[in-house]
Amino acid sequence: MPEPERIRAAVRRYLDAVATGTAADIAALYAENATLEDPVGSPSHTGRAAIEKFYRSLESAHRSTELISLRVSGDSAAFGFRVITETGDQTITVEPIDVMTFDEDARITSMRAFWSAEDISFG
């Protein structure tokens, strides 16, 4: 099990990659056979290639992230954050709560994002 500080650092790397990285940069933070469910209740994506494909839609937009809260327990982290995405004339803000598990190398083994349409604001 990774040390809590390694998990905190992994969450920070994830938020940095979501803000400024490519889909490949984000997917590289995941273990090879990781799962992603975003949002919870939607079909899961399994494996790094499927996860990279999921994040590709972010690459064409200007993004920023802000960590709001982070809790680490065992091999898991739960954190609330803000994502602001600018696409052309529209700004979209979402504040999900993500729950992740990590392997001994602090790679993400599962990610579940808790949010719904009610959590999105447009500007």
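Before any of the text, the structure's been laid out above.
Summary of the structure given here.

**Remarks on the pattern of salt bridges**
As a working rule, side chains carrying opposite charge can pair if their charged atoms are close by.
1) Next: Applying the stated rule across the entire model yields seven salt bridges.
2) Next: Ionic pairing is found between R12 and E5, a salt bridge with its closest N-O pair at 2.7 Å.
3) Next: For E32, the salt bridge is made with R48, and the minimal N-O distance between the two is 3.2 Å. Within this pair, whereas E32 is found in strand β1 (residues 30–37), its partner R48 is found in helix α3 (residues 48–55), the two being separated by 16 residues in sequence.

**Comments concerning the side chain of R63**
1) Next: Inspection of the secondary structure puts R63 in strand β3 (residues 62–73).
2) Next: Among buried charged residues, R63 stands out as having no salt bridge; its nearest opposite-charge side chain is E59, 7.0 Å away.
3) Next: Within polar-contact distance, the side chain of R63 engages the backbone oxygen of G21 at 2.5 Å.
4) Next: Within the structure, the side chain of R63 is placed 3.3 Å from the backbone oxygen of A61, a separation counted as a polar contact.
5) Next: Those residues in contact with R63 that lie beyond four places of it in its chain are A17, V18, A19, T20, G21, L58, I84 and T85.

**Topic: the pairing of β3**
1) Next: Pairing of β3 with strand β4 (residues 76–87), which is carried by 11 bridges, proceeds in the antiparallel orientation. Residue pairing across strands places R71 opposite A78, the latter belonging to β4.
2) Next: Hairpin connection between β3 and β4: a loop of two residues separates the two successive antiparallel strands, and G74 in this loop has a positive phi of roughly 60°.

**A word on a nonpolar patch on the surface**
1) Next: On the surface, V40, I97, V99 and F114 cluster together into a nonpolar patch covering about 290 Å² of accessible area.
2) Next: Structurally, the position occupied by V99 is in strand β6 (residues 97–102).
3) Next: Owing to a relative accessible area of 31%, V99 belongs among the partly exposed residues under this scheme.

**Remarks on the layout of surface pockets**
1) Next: Taken as a whole, the largest pocket holds about 440 Å³ of empty space.
2) Next: As for the largest pocket, its lining consists of 18 residues, of which D38, L58, V83, V94 and W115 are closest to the centre.
3) Next: For the lining of the largest pocket, the elements supplying multiple residues, two or more each, are α1 (4–20), α3, β4 and β5 (90–94).
4) Next: It is β4 that provides the largest number of residues to the lining of the largest pocket, a total of four residues.
5) Next: Considering only residue class, the lining of the largest pocket consists of 13 nonpolar, three polar and two charged.

Rules behind the numbers
Residues numbered from 1 in each chain as written. Predicted model: local features only at pLDDT ≥ 70, side-chain atom pairs only at ≥ 80, totals over all residues. Heavy atoms only, no water. Salt bridge = Lys/Arg side-chain N within 4 Å of Asp/Glu carboxyl O. Helix = DSSP H or I, 4+ residues; strand = E, 2+ residues; numbered from the N terminus. Buried < 20%, exposed > 50% of the residue type's maximum accessible area, 1.4 Å probe, protein only. Lys, Arg positive; Asp, Glu negative; His and termini not counted. Polar contact = N/O pair within 3.5 Å; in protein donor to acceptor, adjacent residues only side chain to side chain. Contact = heavy atoms within 4.5 Å. Pairing = 2+ DSSP bridges. Patch = residues over 30% accessible without salt bridge, like charges linked within 9 Å, V, L, I, M, F, W, Y side chains within 5 Å. Areas by Shrake-Rupley, 256 points an atom, 1.4 Å probe, with all protein chains shown as cover. 1 Å grid on protein atoms, 1.4 Å probe; cavity = no way out; pocket = protein on both sides within 12 Å on 5 of 7 lines; lining within 4 Å. Points joined across faces, edges and corners; volume = space filled by probe spheres on them. Nonpolar A, V, L, I, M, F, W, Y, C, P; charged D, E, K, R; others polar.

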